[in-house]
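# Observations on the model geometry
Spelled out, the chains give:
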Amino acid sequence: MITRVFDVSAEPTAIPFAAEVIRQGGLVAFPTETVYGLGADALNADAAARIFAAKQRALNDPLIVHVGPPLVVVAGMRFGRASALNDLVRQQLVGALSARQRAQAQQLIQAFWPGPLTLVLPRGARIPPIVTAGRDTVAIRMPRHPIALALIETSGVPIAAPSANRFGHVSPTTAQHVLDDLSGRIDVVLDGGPTPIGIESTVLDLTGDSPAILRPGGLSRQDIERALGRWTMDDGRWTTDDRPEHTALSTEHSVASPGMLAKHYAPRAELRVVRSTAELLAVHQQLMGHGRRIGLLILEAQQDACADLQPVFVLGRDADSVAQNLYAGLRALDSAGVDVILVSEVEATGLGEAIADRLRRGAAKG
Ligand code: TXA
Ligand code: MG
């Protein structure tokens, strides 16, 4: 198969072409605000099966279904987010919801869609079992990237899409990353430039006794807790109030999200996370002594201390730029052929929680 690549900004026909490929059951890689996704018609079981084959992804790892805003236009103004949940239920993408699930999903959708939040909800009748890996829940998100939204709207179907990388490899944040992993295995790549957030969406499970984060990601725990904190149970009904207390979210590191294998999000080289610049330099020295080739992923603030060392990939100044550049840095140092990648740990708050999670997984052995 020849993979066709389109620069979306230069080729206006790219999106209608790619939408037709989706409708015909083909595979299209496209940018979202988090990472590039590998999309297929979520209502077509054969198309979804092609995703698993192209990625060499295990069939027990469910896909995220990407939806667009419901098209409600009143007096020239577009309304969507508030009614998105009803739209999902009406389209039978989502099944029967409890009062709590409905209230919390509605609140989160209004606050954060379109955006980097994936909600796990009861599976509706129209979703083929292969998409959810046989589960009775479905993960749904409305991406914020204009190319993703245009592709969903033009194709007219929800799009099932995992990250567009080979299974177990780090997620792609550029079209070139997608091609490096999947060229010749998929029909189309829509090149929309580097993805703005650079780290995957936060996966939040609303089907358990209380909401639980299955994967920290582009939307912070603190933002979700703040939004959910306004919902309380009152006389058997879920209502909002102005009390400031938060809904503390648990984190499930278990089998709940089978894609979260420890050794995931990993470069080919061994990844080692150190606690300080001093430790970084000491470990570098020690590994050099053993003849290992070492690459460094550093912050701007560490550049002076590391001026004599190379190869070095500078991630940037703050958590936002580290998230944006982390996967590109891991891929670049892998391509440079190093044996070990050294990186300093980040503070695990806000977006830092997702970064710390990916570094921990990338460094996990086995
Ligand atoms: O930002 C993102 O989420 C990107 C872009 C393309 O949208 N997608 C992405 O997909 O990262 P993927 O397949 O690489 O990761 C999806 C995660 C996996 O950990 C999977 O196990 C989990 O979501 N997941 C999907 N459906 C689930 C379900 N029904 N229950 C629990 N976890 C689920
Ligand atoms: Mg993935």
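As the structure is a computational prediction, the values presented were derived from the model and not from experiment.

Parameters and conventions
- Residues numbered from 1 in each chain as written.
- Chains lettered and ligands numbered in written order.
- Predicted model: local features only at pLDDT ≥ 70, side-chain atom pairs only at ≥ 80, totals over all residues.
- Heavy atoms only, no water.
- Helix = DSSP H or I, 4+ residues; strand = E, 2+ residues; numbered from the N terminus.
- Buried < 20%, exposed > 50% of the residue type's maximum accessible area, 1.4 Å probe, protein only.
- Contact = heavy atoms within 4.5 Å.
- Areas by Shrake-Rupley, 256 points an atom, 1.4 Å probe, with all protein chains shown as cover.
- Near = heavy atom within 4 Å.
- Polar contact = N/O pair within 3.5 Å; in protein donor to acceptor, adjacent residues only side chain to side chain.
- Nonpolar A, V, L, I, M, F, W, Y, C, P; charged D, E, K, R; others polar.
- Pairing = 2+ DSSP bridges.
- Axes fitted to C-alpha atoms, helices over the stretch in contact; angles between N-to-C directions.
- Salt bridge = Lys/Arg side-chain N within 4 Å of Asp/Glu carboxyl O.

### Comments concerning the overall build of the protein
On a plain count of helices and strands, the protein comes out with ten helices and 19 strands. Residues counted as buried form 54% of the 366 residues belonging to the protein. Partitioning the intrachain contacts of the protein with sequence separation of at least 6 by distance along the chain shows that 70% fall at a separation of at least 24. As displayed, the protein offers around 15,600 Å² of accessible surface, 51% of which is attributable to carbon and sulfur atoms.

### Looking at the site of ligand 1
Lining the immediate surroundings of ligand 1 are 28 residues, of which Thr-34, Asp-61, His-66, Ser-201 and Arg-215 lie closest. Note that an oxygen atom of ligand 1 is positioned 2.6 Å from one of the side-chain N or O atoms of Thr-34. Within the side chain of Thr-137, an N or O atom sits 3.0 Å from a nitrogen atom of ligand 1. Taken by itself ligand 1 offers 690 Å² of open surface, and the protein chains cover 98% of this. Broken down by secondary-structure element, the contributors of at least two residues to the shell around ligand 1 are strand 4 (64–66), strand 8 (137–141) and strand 12 (212–215). Considering every element that reaches the shell around ligand 1, the biggest residue donor is strand 8, with four residues. In the shell around ligand 1, the residues fall into 14 nonpolar, eight polar and six charged.

### Quick notes on the sheet that holds strand 16 (residues 270–274)
If you trace the four strands from one edge of the open sheet to the other, you get 16-19-17-18, paired in parallel fashion. The open sheet has two edge strands, strand 16 and strand 18 (312–316), and neither has a second partner. Across this sheet, the average inter-strand angle for adjacent strands is 20 degrees, counted without regard to direction. Pairing of strand 17 (residues 294–299) with strand 19 (residues 340–344) involves four bridges; the strand directions are parallel. The partner of Leu-296 across the bridge, within strand 19, is Leu-342. Across the sheet, helix 9 (residues 319–335) lies against strand 16, strand 17, strand 18 and strand 19, angled at about 165 degrees from strand 18, the strand it touches most. Against the sheet, helix 10 (residues 351–363) engages strand 16 and strand 19, with an angle of about 130 degrees to strand 16.

### Quick notes on the pattern of salt bridges
Summed over all chains, the structure comprises 15 salt bridges. Of the charged contacts in the structure, one is a salt bridge between Arg-90 and Asp-87, with a shortest N-O distance of 2.3 Å. Placement of the pair is Arg-90 and Asp-87 together in helix 3 (residues 84–90), with a separation of three residues, close to one helical turn. Linked through salt bridges whose partners overlap, the residues forming this network are Glu-200, Asp-357, Arg-358, Arg-360 and Arg-361.

Read these as geometric descriptors, not functional statements.
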